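# Tertiary structure, described
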Amino acid sequence: MLFKQQALLRQKLFVLGSLAIGSLLYLVARVGSLDRLQPLCPIDGRFGPRGQDEIPLRALQFKRGLLHEFRKGNATKEQIRLHNLVQQLPKAIIIGVRKGGTRALLEMLNLHPAVVKASQEIHFFDNDENYAKGIEWYRKKMPFSYPHQITIEKSPAYFITEEVPERIYKMNSSIKLLIIVREPTTRAISDYTQVLEGKERKNKTYYKFEKLAIDPNTCEVNTKYKAVRTSIYTKHLERWLKYFPIEQFSYRGRRPAYHRTTARTPAGREVPKSSSEDKSVQFILQCHQRVLLLAI
Ligand SMILES: Nc1ncnc2c1ncn2[C@@H]1O[C@H](COP(=O)(O)OS(=O)(=O)O)[C@@H](OP(=O)(O)O)[C@H]1O
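Calculation criteria
Counting restarts for each chain: residues are numbered from 1 in the order of the written sequence. Where local features are concerned, this predicted model is filtered to residues with pLDDT of at least 70; where side-chain atom pairs are given and counted, the filter is 80 or more; whole-chain, interface and lining totals use all residues. Note: side-chain values were computed over all heavy atoms of the structure, leaving out hydrogens and water. Helix and strand assignments come from DSSP, with helices taken as H or I runs of at least 4 residues and strands as E runs of at least 2, each series counted from the N terminus. A simple rule labels every residue: compare its accessible area, found with a 1.4 Å probe on the protein chains alone, to the largest value its type can have, and call it buried under 20%, exposed over 50%, or partly exposed in between. A contact between two residues is defined here by any heavy atoms of the two lying within 4.5 Å. Computed with a 1.4 Å probe, the accessible areas rest on the Shrake-Rupley method; for each residue, only the protein chains presented here act as cover. UniProt positions are given in the numbering used here, feature names are shortened, and annotations may be inferred rather than shown by experiment. For Phe, Tyr and Trp, where Trp contributes only its six-membered ring, two rings pair if their centres lie within 6.5 Å, and the inter-plane angle classes them as stacked under 30 degrees, edge-to-face over 60, or tilted in between. Only lysine NZ and arginine CZ atoms are considered, and such an atom sits over a ring when it is within 6 Å of the ring centre and within 35 degrees of the ring normal. Only when DSSP finds a minimum of two bridges between them are two strands counted as paired. Arc definition: it is the arc formed by the directions from the helix axis to the C-beta atoms. By convention a nonpolar core is built from buried Ala, Val, Leu, Ile, Met, Phe, Trp, Tyr and Cys residues, the set being connected through side-chain atoms within 4.5 Å.

## Observations concerning the overall build of the chain
For the chain, the count of helices and strands is 13 helices and 10 strands. In the chain, which comprises 296 residues, the share counted as buried stands at 37%. Sequence-distant contacts in the chain: of pairs separated by 6 or more residues, those separated by 24 or more amount to 74%. Here the chain has roughly 19000 Å² of accessible surface; of this, 57% comes from carbon and sulfur atoms.

So, in structure tokens, the structure goes:
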């Protein structure tokens, strides 16, 4: 009887021992293989299997890590050469509009592994002094990227500056131009608020929005006021259309679910929103949500 119990115990111990050794061997094998596994990319699988032209995941990892260090200037020339990094002219520019959500658009595009943003607004095409420094100066302002990546910059002042369409056209007539617009009155108020905050920071006083935006003699909207002028999108767009034909534009956006006819100023006053006779433009002006005009 005792002998039988001992044999049973030995059998159980043997099974337990085998399980323990088996689990250990499995864990060793798994940890080894994990080292070789690529981390999961959140956009993987959404676009089907990888094609030859697709960007390797390594690019994304480098973008967050090594590329970032390069941009901060913590890299040697040798490292840049080794990793085949280049400073490329932008293939796409967010040209406006100021206070339209251009920063958010840039950041969102930059999430894509194929896109590398210029962190600062370069103001190459709208600033005569910068423009006189030449295209090489502009290129050198661009972030390091891999040759297959797309460099993108944003300078909302481009949209409203007279000389810019021609200058960009001369650099690259097939460049992608992105314009994100916003309901014009709200945009003008947002523009004013930014200036007002700047004045307040310097302990300066500033005019009320109504005083700047309404002509006291005519009681009409003062189109000479810069924040109002910037919001007259058609006026600026016309200049762009001389160089980049309408067929090159594609419109992305949604009609708003509702339509308010007034906006509130920082002082709490209700002011009428803009309107236009031009139907296609009116459609844009009526949008409360952002719309994107994309020159392709
Ligand atoms: N996703 C999204 N949806 C709606 N609104 C948004 C979004 N992202 C940014 N914003 C608003 O956009 C305003 C900033 O625009 P910009 O980045 O173009 O400003 S700037 O011209 O570069 O100064 C700023 O507007 P104000 O709040 O009126 O200042 C932001 O709040």
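## As for the UniProt feature "active site" (unreviewed entry) in the chain
The sites that UniProt annotates as "active site" (unreviewed entry) are K99. Turning to its location among the elements, K99 is positioned in the loop between β2 (92–96) and α5 (102–110). Take K99: its relative accessible area is 27%, and that puts it in the partly exposed class.

## Considerations on the packing of aromatic side chains
The tally for this structure, following the rule as stated, stands at 14 aromatic pairs. Three or more aromatic residues joined by ring pairs form one cluster here, namely F124, F125, Y131, W137, Y138 and Y158. Sitting over the face of the ring of Y131, R167 holds its NZ or CZ atom 4.1 Å from the ring centroid.

## Some details on the pairing of strand β5 (residues 150–154)
Within β5, four of the five residues are buried, which leaves the element mostly enclosed by the surrounding structure. Across three bridges, β2 lies against β5 in parallel orientation. Across the sheet, I94 pairs through a bridge with K154, a residue of β5. Sheet topology places strand β3 (residues 115–117) next to β5; three bridges connect them, and they run parallel.

## Structural notes on helix α12 (residues 233–241)
Since the α-helix turns once every 3.6 residues, residues separated by three or four places project in the same direction. Turning to α12, its buried residues number three or more, namely Y233, H236, L237, R239 and W240. The buried residues of α12 all sit within an arc of 150 degrees when viewed along its axis, so they share a single face.

## Quick look at the nonpolar core
Nonpolar side chains tend to gather and get buried jointly when the protein is soluble and globular. Counting 22 residues, the largest nonpolar core has I93, I95, Y158, I168 and W240 as its most contacted members. Not counting chain neighbours up to four residues away, the residues in contact with W240 comprise I95, Y158, F159, V164, P165, I168 and L177. Counting residues in each nonpolar core, the second largest holds 10 residues, with A188, Y192, L212 and A213 among its members.

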